[in-house]
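Residue-level structure breakdown
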Amino acid sequence: MIPYILRRLATGVILTVLVTLITFWLLSFSFTGVATNILGPASSAEAVDALMDKLGLNRPVLVQYFDWLWAVLRGDFGVSYFTSESVSKAVSVRLGVTLSIVLVALVLSVVVSVFLGVLAASRAGAVDRIAQGTSLIGNLFPNLLIAIALVVVFALNLRWLPATGFTPFSEDPRRWAASITIPVIVLVINGVANMSAQIRGTMIGELQKDYVRTLRTRGIPAWSIVYRHALRNAAAPALVVLSLEFISMFGGALIIENVFALPGFGSFAFNSSLQGDIPVIMGVTIFSVMLVVSVNLLTDVINGWLNPKARLF
């Protein structure tokens, strides 16, 4: 198991280096524009060159990248060109906002998806049609449209929930819950649409296998066959779907955070990209890659534990 984990970890490290290197290389084409953004459109060419020298942007790209990488390995992610705020602090605070929404949405999506998927696979009929209809509706309407509809109903008409803004949990748990309710519902609708269909398909495949027929002939209760045997065996492929859905929700946070004016990771990355804030963009990139690599590594480890054959790849 340890060699398997080390292989996956080495792959993650290589991926992180490649993604950050390509990102830095692409940013290098806009170094002059970044200096102009900092000084303003009326700045002279001499002032722009002087600022680039001060920031070290005139040096070879590879030299700049490896200097940045060495600083990151020492825990220094740099400071923002525009706010002088520590990149690690700025990213971690905003990442906390996004994860507080995504993780709550993911847990709710898993609970609802497993319930619908297992029920649809084991009972079929009307229950199966309802589950498939729910999945179809969730995939049919885009997140932006669902978000606007929920804001109109629950925030503007009923006035039950705030339309925008975010309250940290440490300040007021009730207001925090109210501020994330609509964004979480939007993500849950899409998450259930994706995961319930996958779990349903996986469970149908498991329930048609020979070992299930054998258990039935032995008089094992139906609930035991479904939940103790079939669902357990379906856990590995469902786990892969879960990790992909987490990454999808994390990426979709950009739209959600901009709609609801949330000070999260996605909106922070978007605004930094518009400004050309290179230290922040690189910080956002490496944090994003590390998060994705960590989720995939955890998924691979659990999958390898559940399915020893997976350790061979």
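Residues numbered from 1 in each chain as written. Predicted model: local features only at pLDDT ≥ 70, side-chain atom pairs only at ≥ 80, totals over all residues. Heavy atoms only, no water.

Observations regarding the overall build of the chain
Here is the rule we go by: To qualify as a helix, a DSSP run of H or I must reach at least 4 residues; to qualify as a strand, a run of E must reach at least 2; elements of each kind are numbered from the N terminus. For every residue, the accessible area (1.4 Å probe, protein chains only) is compared with the maximum for its type, and the residue is labelled buried under 20%, exposed over 50%, or partly exposed between those bounds. Contacts are assigned to residue pairs with any non-hydrogen atoms lying within 4.5 Å of each other. Per-residue and other accessible areas follow the Shrake-Rupley method at a 1.4 Å probe size, with only the shown protein chains counted as cover for residues. For the purpose of charge, His is not counted, nor are the chain termini; Lys and Arg are scored as positive and Asp and Glu as negative. Where a charge lies is defined by one atom per residue type, namely NZ (Lys), CZ (Arg), CG (Asp) and CD (Glu).
Check the secondary structure of the chain and you find 13 helices and 0 strands. Written out in order from the N terminus, the α and β elements of the chain read α-α-α-α-α-α-α-α-α-α-α-α-α. Projected onto its principal axes, the C-alpha positions of the chain cover 85 × 55 × 35 Å. When each of the 313 residues of the chain is scored for burial, the buried share is 41%. Counting contacts in the chain only where the partners sit at least 6 residues apart, residues at least 24 apart contribute 72% of the total. A total of about 17000 Å² of accessible surface is found on the chain, and carbon and sulfur atoms cover 67% of it. Computed over 21 positive and 15 negative side-chain charges, the separation of the two mean positions in the chain equals 18 Å.

Description of a nonpolar patch on the surface
Heads up, the condition is: The patches reported here contain residues having more than 30% relative accessible area and no salt bridge. Joining distances are 9 Å for like charges and 5 Å for nonpolar side chains (Val, Leu, Ile, Met, Phe, Trp, Tyr). One speaks of a salt bridge when a side-chain nitrogen belonging to Lys or Arg is within 4 Å of a carboxyl oxygen belonging to Asp or Glu.
A cluster of nonpolar side chains, namely Leu144, Ile148, Val152, Val153, Leu156, Leu158, Trp160, Leu254, Ile255, Phe270 and Leu274, defines an oily patch on the protein surface of about 1000 Å² accessible area. Broken down by secondary-structure element, the contributors of at least two residues to the nonpolar patch are helix H7 (143-157), helix H11 (235-259) and helix H12 (265-275). Looking at phenylalanine 270, the relative accessible area reads 38%, which means it is partly exposed.

As for the packing of H11 against H12
Let me state the cut-off plainly: The axes are straight lines fitted to the C-alpha atoms, using for helices just the contacting stretch, and the angles between their N-to-C directions are given from 0 to 180°. Relative orientations are named as follows: roughly parallel for angles under 35 degrees, roughly antiparallel for angles over 145 degrees, roughly perpendicular for angles from 65 to 115 degrees, and oblique for any other angle. In this classification, Asp, Glu, Lys and Arg are treated as charged, Ala, Val, Leu, Ile, Met, Phe, Trp, Tyr, Cys and Pro as nonpolar, and every other residue, Gly included, as polar.
Where H11 contacts H12, the two axes come as close as 7 Å, and the packing angle between them is 80 degrees. Classified by the angle their axes make, H11 and H12 are roughly perpendicular. Residue-level contacts link Phe250, Leu254, Glu257 and Asn258 of H11 to Phe265, Gly266, Ser267 and Phe270 of H12. Split by residue class, the contact of H11 with H12 holds 4 nonpolar, 3 polar and 1 charged.

A word on the packing of H7 against helix H8 (residues 173-207)
Using the following cut-off: For a crossing to be left-handed, the near helix must be turned anticlockwise from the far one by less than a right angle; the clockwise case is right-handed.
Orientation of H7 relative to H8, taken along the N-to-C sense of each, is 140 degrees, at an axis distance of 10 Å. Viewed along their axes, H7 and H8 adopt a mutual orientation that is oblique. Where H7 crosses over H8, the handedness of that crossing is right-handed. Residues Asn143, Ile146, Ala147, Leu150, Val151, Phe154 and Ala155 of H7 lie in contact with H8, whose contacting residues are Ile182, Ile185, Val186, Ile189 and Asn190. Here the contact of H7 with H8 is built from residues that sort into 10 nonpolar, 2 polar and no charged.

Digging into unusual backbone geometry
Phi at arginine 159 is positive, roughly 60 degrees, even though this residue is not glycine. Along the chain, arginine 159 turns up in the loop between H7 and H8. For arginine 159, a relative accessible area of 67% puts it in the exposed group. The phi dihedral of alanine 261 falls on the positive side, at around 55 degrees, and the residue is not glycine. Relative to the helices and strands, alanine 261 is located in the loop between H11 and H12.

Let's talk about the environment of phenylalanine 31
With respect to the secondary-structure elements, phenylalanine 31 resides in helix H2 (residues 31-39). Taking relative accessible area as the criterion, phenylalanine 31 reaches 4% and is therefore assigned buried. On a C-alpha basis, the gap between phenylalanine 31 and aspartate 277 in space is 9.9 Å, while along the polypeptide they are 246 residues apart. Apart from residues lying up to four places away in sequence, phenylalanine 31 is in contact with Phe24, Met52, Leu57, Gln64 and Ile278.

So, helix H4 (residues 61-73)
Here is the rule we go by: Under the convention used throughout, the expected extent of a helix is 1.5 Å for every residue step, that is, one less than its residue count. Relevant arc is that of directions from the helix axis to the C-beta atoms, nothing else.
Here H4 spans 18 Å end to end across 13 residues, near enough to the 18 Å set by a 1.5 Å rise per residue. Listed in full, the buried residues belonging to H4 are Gln64, Tyr65, Trp68, Leu69, Ala71 and Val72. One side of H4 carries all its buried residues, which in axial view fall inside an arc of 160 degrees. Of the residues in H4, the exposed ones pointing more than 90 degrees away from the buried face are Leu62, Trp70 and Leu73.

Here we look at the confidence of the model for the chain
The test is simple: pLDDT expresses, on a scale from 0 to 100, how confident the predictor is about each individual residue.
Of the residues in the chain, 96% reach a pLDDT of 70 or more, and the chain-wide mean stands at 84. Confidence, expressed as mean pLDDT per element, reaches its minimum in the chain at helix H6 (residues 125-140) with 74 and its maximum at H4 with 93.

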